[in-house]
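# Structure assessment
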Amino acid sequence: MVRVKDITALMERWAPRDLAFEKDNVGLQVGSPEARVRRVLVGLDPTEALVREASRRRSDLIITHHPLLFTPLRNLNTSTAQGRLLAALIRSGRTLYSAHTNLDFAPGGTSFALGELLGLREMRFLVQQSRTYRKVVTFVPADAADTVAGAMATAGGGTIGNYDTCSFRTRGTGTFRGNARSSPRVGKRGRTEHVEEIRLEMLVDQRNLPAVLGAMRQTHPYEEVAYDVYPLENIHPGTGMGAIGVLRTPLSSAVFLRRVRTALHAGSLRYTHGRPARIRTVAVCGGAGRGLLQEAIASGADAFVTADVHYHDYQDAAGHIVLIDAGHYETEIPIVNAIVRYLRNALAQSRMRADVVPATTRTSTMMSL
Ligand SMILES: [Zn+2]
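Residues numbered from 1 in each chain as written. Predicted model: local features only at pLDDT ≥ 70, side-chain atom pairs only at ≥ 80, totals over all residues. Heavy atoms only, no water.

### Quick look at the sheet that holds strand E15 (residues 355-358)
Whether parallel or antiparallel, the strands of a sheet pair through hydrogen bonds between backbone atoms. For clarity, the threshold we go by: For two strands to count as paired, DSSP must find a minimum of two bridges between them. Strands here mean DSSP runs of E at least two residues long; helices mean DSSP runs of H or I at least four residues long; both are numbered from the N terminus. Axes here mean lines fitted to C-alpha atoms, for a helix over just the part in contact, with angles spanning 0 to 180 degrees between N-to-C directions. Whether two residues are in contact is decided by their heavy atoms, any of which lying within 4.5 Å being enough.
The mixed open sheet is built from five strands, whose spatial order is E1-E4-E3-E2-E15. If you trace the sheet from one side to the other, it starts and ends with strand E1 (27-30) and E15, each paired once. With strand direction ignored, the average angle separating the axes of adjacent strands in the sheet is 25°. Along the sheet, helix H12 (residues 334-349) contacts strand E2 (39-43), strand E3 (61-64) and E15; its crossing angle with E15, the most-contacted strand, is approximately 170°.

### Some points on the sheet that holds strand E9 (residues 227-231)
Taken together, the four strands give an open sheet; going across it, the order is E7-E8-E6-E9, and neighbouring strands pair in antiparallel fashion. Only two strands of the sheet have a single partner each, and these edge strands are strand E7 (168-176) and E9. Ignoring strand direction, the axes of neighbouring strands in this sheet form an average angle of 25°. Relative to strand E8 (residues 193-205), E7 is paired through nine bridges, and the arrangement is antiparallel. Residue pairing in the sheet places Arg-169 in a bridge with Leu-200 of E8. Its contacts with the sheet put helix H6 (residues 145-154) on strand E6 (133-140), E7 and E8, and the angle it makes with E8 is roughly 20°.

Encoded structure:
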C-alpha cells in the first residue's frame, strides 16, 4: 500500500524542503502522511476547482506548486476562499502537499521544465547558489568539545549532504590573562595561562547561524567564548536559480517569440528588443524572475523568458537582451508535467503502485484577449 509519506519522500529526494526560501511554506499543507494514496493529482495552484477535480477523479493526494498556507492561521473561516478550501480538503479526507521554491531551486525544477518546453539544450542553472555557508570555529577545552559540537549540530550546524554532526577538531594551546573583574574557569586572574584546547570547526548554513552561535555560547564552559565566523565561497552543488541553455538552431527574435507563445499557450507576450542578433542562448526563470535580469544579461543570453516583469525592467533590458514576460501561470505550468513524469518513474523504480495524473483544471484566473 502506498502512503502519502512514500510519495512525499520521493518528491523530497528531488526537491529537499530545505532548499526552499526561508519564508516559504513547503511540504504537507493539509492531511495525514499516513493516508493511503491510489491516485495523485498534480496542479499549479490549490483552488476549489482543483479540489473538485480531485474528488471527481478520486485522487487522494493533491500536489501543487503554490502552497495554500503562508501565514499562521488564526481561524478557519469558511466565508473565505482559503477557509472553504481547507474545510473541503479536511471533509473529503484528501491530502494537499506543495513543492514551491524548493522545486524552483532544484536541478531539473521549474525553470528547467520551462526551458525544455522551449527546446533548450545543454541546460544548467543561470545562477549557482553560493555564499550560503559560513565556517564557525570555536576554541574549547577537550572535555567540553563533544557537548558544544552536539549542541551546535542540534541547532542546525555541521550538515553536509546526507551527513550530520560533521566537525573537524585540532589540538592546540590557547593563552589568556583575565583582568581584575574576570572569573576564569581555568587558572587565576591576572596571570597568563596556557591551556590545551580543541579548535572545533563546523560548516553552518547561513540561515542557521544565529541558532548555532546561540547553542555554542550556551554550552561553552568559558566566561568569554572565543569564536570566528568565516564567509565561504562554496558553491552549493545541488541548487541554483533560473536556467540557461542553447537552441538547436539560432532563430530570429520574431520566430523565437512565436515559439514561446505557442509552446506556452500564452495569449500574449510582453517583450522588449535586445541586441540586433539572432537568438541562440536563452535564459529562463519560471514565475517571477525579474530579480535575475542582470544575471541573464551578464550570462550573454540573447533572450530571457520569465514573468511578472515591471515597466522599468524593460528599459533596463532594451538593447541588451530580448526580455519576455510570458505570464506567471504559463511559465510555471510546465512543472506540472515534469512532476507527473518524475513521480511515475520514481514509483515504478520503487515498485510502488499509484496513478499520477496532471490536472486538467486551469487554475489561473487571468485571461488575455
Ligand atoms: Zn509561482
